[in-house]
Amino acid sequence: MKIRLGVAPAAGTGPEGFAGLAEVLEKAGVDSLWLSELIYSPEVDPLIGMTHALARTSRLKVGTGVAILPGRHPVLVAKQLLTLAGLAPKRVLPVFGLRPARPSEHDLFPVPAGRRAAVFDESLTLLRALLEQDEVTFSGEFFQVDGVRLGPRPAKRLDVWLGGTAPAALRRAGRLADGWLGSFHTPEQALAARLAIQEAAAEAGREIEEDHFGLSMVVAAKGRPDELTEVAARRRPGTDPAELVPTSFADARRLIERHIEAGITKFVIRPGYSGDYRYFLDDFLTELAPLQN
């Protein structure tokens, strides 16, 4: 299985800190750059940030980790992804989620009350059709399109991954996605998630490639901030924070090795502190990058 490790900007990294980061990562040989969708923050918009990073590099892959799909029209999302994939073949890695992590941002992605999951399922179905077919006619509960053509599709099919940790999210990933990117999972929890996704895929008559399971991990090498500890506790009550947020790169390496044994092969590493990326990259390249094959 292909083991790959990418990088996400530190929380709160705005346009000034983000500018030039893609070139630094590509020069260092990093596999990929990942951008979260956080609206009420300094962080760059993921689609705009992807466009900037892809335009300034030639090999670096760039993904969303994760962007919100329900509340956006899937035709517009498909057009954006097809455009990016056409301009930067084999380097666009979309990952979508059900709702923003912050409740204050939920209203920014409006859907009919109580129907967010149903909208997500239908949006994914239509999105995949638009990414895979030259012409699409679709009639659902929320979306109707007739003979839509969005232009040329990339030679390599564009995979769509999903995030999420709830049982329903894992079943959705099995039914509708090409891969899964989790976060705040112990190796044992990640293994259980992978098996649940594969079971749902099998029930749907599908198969997800064995190296299409990933995990986003914060490495708090300067100490675990209280806010990050609180997030880990909220996401995984009763779980030792050290199993979720390592406080050294040596601990991160040992934790990633256990995740690899659990069948997780793609990793997004985010520094738990802001500041000069040179120090983070030095440790990343020394301790973690050798795990790739």
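Residues numbered from 1 in each chain as written. Predicted model: local features only at pLDDT ≥ 70, side-chain atom pairs only at ≥ 80, totals over all residues. Heavy atoms only, no water.

Draft legend 1. Seen up close, the pattern of salt bridges. For the structure shown, the criterion picks out 19 salt bridges. Across the pair aspartate 121 and arginine 172 runs a salt bridge, and its minimum N-O distance is 2.6 Å. Taken together, the residues aspartate 121 in helix α5 (residues 116-132) and arginine 172 in helix α6 (residues 167-176) connect sequence positions 51 residues apart. The salt bridge partner of arginine 128 is glutamate 132, with a shortest N-O separation of 3.3 Å. On the criterion of helical spacing, the pair formed by arginine 128 and glutamate 132 is a turn pair, its members being four residues apart in helix α5. Accessibility expressed as a relative area gives 13% for arginine 128, which makes it buried. With relative accessibility at 31%, the residue glutamate 132 sits in the partly exposed group. One connected set of salt bridges, linked through shared partners, spans Arg128, Glu132, Arg157, Asp159 and Asp178. (Salt bridge = Lys/Arg side-chain N within 4 Å of Asp/Glu carboxyl O. Helix = DSSP H or I, 4+ residues; strand = E, 2+ residues; numbered from the N terminus. Buried < 20%, exposed > 50% of the residue type's maximum accessible area, 1.4 Å probe, protein only.)

Draft legend 2. Seen up close, the packing of α5 against α6. In the contact formed by α5 and α6, the axes pass within 11 Å of each other and the chain directions differ by 20 degrees. The angle between α5 and α6 falls in the class roughly parallel. Relative to α6, α5 is oriented so that their crossing is right-handed. Note on element contacts: α6 touches α5 through Arg172, Arg175 and Leu176, opposite Ala117, Phe120, Asp121, Leu124, Thr125 and Arg128. Taken together, the residues that form the contact of α5 with α6 break down as four nonpolar, one polar and four charged. (Axes fitted to C-alpha atoms, helices over the stretch in contact; angles between N-to-C directions. Parallel < 35°, antiparallel > 145°, perpendicular 65-115°, else oblique. Left-handed = near helix turned anticlockwise from the far one by under 90°. Contact = heavy atoms within 4.5 Å. Nonpolar A, V, L, I, M, F, W, Y, C, P; charged D, E, K, R; others polar.)

Draft legend 3. The pairing of strand β3 (residues 61-64), seen in detail. Looking at chain direction, strand β2 (residues 32-35) and β3 are connected through four bridges and run parallel. Its bridge partner lying in β3, serine 32 is registered against lysine 61. In the classification by handedness, the crossover that spans β2, the intervening helix α3 (residues 46-55) and the parallel β3 is right-handed. Across two bridges, β3 lies against strand β5 (residues 92-93) in parallel orientation. Directly across from glycine 63, in β5, lies its bridge partner leucine 93. (Pairing = 2+ DSSP bridges. Right-handed = clockwise from strand over helix to strand, strands pointing away.)

Draft legend 4. Molecular detail of the layout of surface pockets. Considered as a void within the structure, the largest pocket measures approximately 1,600 Å³ in volume. Around the largest pocket, the lining is made up of 47 residues, and of these Ala101, Ser183, Phe184, Val231 and Arg235 lie nearest the centre. At the level of elements, α6, β10 (179-183), β11 (213-219), α8 (226-235) and β12 (266-271) are the ones that each hand at least two residues to the lining of the largest pocket. The element contributing the most residues to the lining of the largest pocket is α8, with six residues. Residue classes in the lining of the largest pocket are distributed as 23 nonpolar, 14 polar and ten charged. Estimates place the volume of the second largest pocket at around 640 Å³. Lys61, Leu93, Lys156, Asp159 and His212 are the residues nearest the centre of the second largest pocket, which is lined by 30 residues in total. Taken together, the elements giving at least two residues each to the lining of the second largest pocket come down to β1 (4-7), β2, β5 and β12. Tallied by class, residues from the lining of the second largest pocket come to 15 nonpolar, three polar and twelve charged. (1 Å grid on protein atoms, 1.4 Å probe; cavity = no way out; pocket = protein on both sides within 12 Å on 5 of 7 lines; lining within 4 Å. Points joined across faces, edges and corners; volume = space filled by probe spheres on them.)

Draft legend 5. Focus on the packing of helix α9 (residues 249-261) against helix α10 (residues 277-288). Axis separation between α9 and α10 bottoms out at 10 Å; the angle between their running directions is 40 degrees. In terms of axis orientation, α9 runs oblique to α10. Regarding α9 and α10, the two cross each other, and that crossing is right-handed. In contact with Phe249, Ala250, Ala252, Arg253 and Ile256 of α9, α10 contributes Phe280, Asp283, Phe284, Glu287 and Leu288. Within the contact of α9 with α10, the residues separate by chemical class into seven nonpolar, no polar and three charged.

Draft legend 6. Highlighting the nonpolar core. One finds Leu5, Leu33, Phe96, Ile269, Phe280 and Phe284 to be the most contacted residues of the largest nonpolar core, which totals 76 residues. In terms of residue count, α5 provides more of this core than any other element does, eight residues in total. Setting aside chain neighbours within four positions, we find isoleucine 269 in contact with Leu5, Gly6, Val7, Ala8, Met217, Val219, Ile256, Phe280, Phe284 and Leu288. Counting residues in hydrophobic clusters, the runner-up holds seven residues, among them Val218, Leu228, Leu244 and Val245. (Core = buried A, V, L, I, M, F, W, Y, C linked by side-chain atoms within 4.5 Å.)

Draft legend 7. Focus on a nonpolar patch on the surface. A surface patch of nonpolar side chains, about 270 Å² in accessible area, is lined by Ile39, Tyr40 and Leu108. With a relative accessible area of 38%, leucine 108 lands in the partly exposed category. (Patch = residues over 30% accessible without salt bridge, like charges linked within 9 Å, V, L, I, M, F, W, Y side chains within 5 Å. Areas by Shrake-Rupley, 256 points an atom, 1.4 Å probe, with all protein chains shown as cover.)

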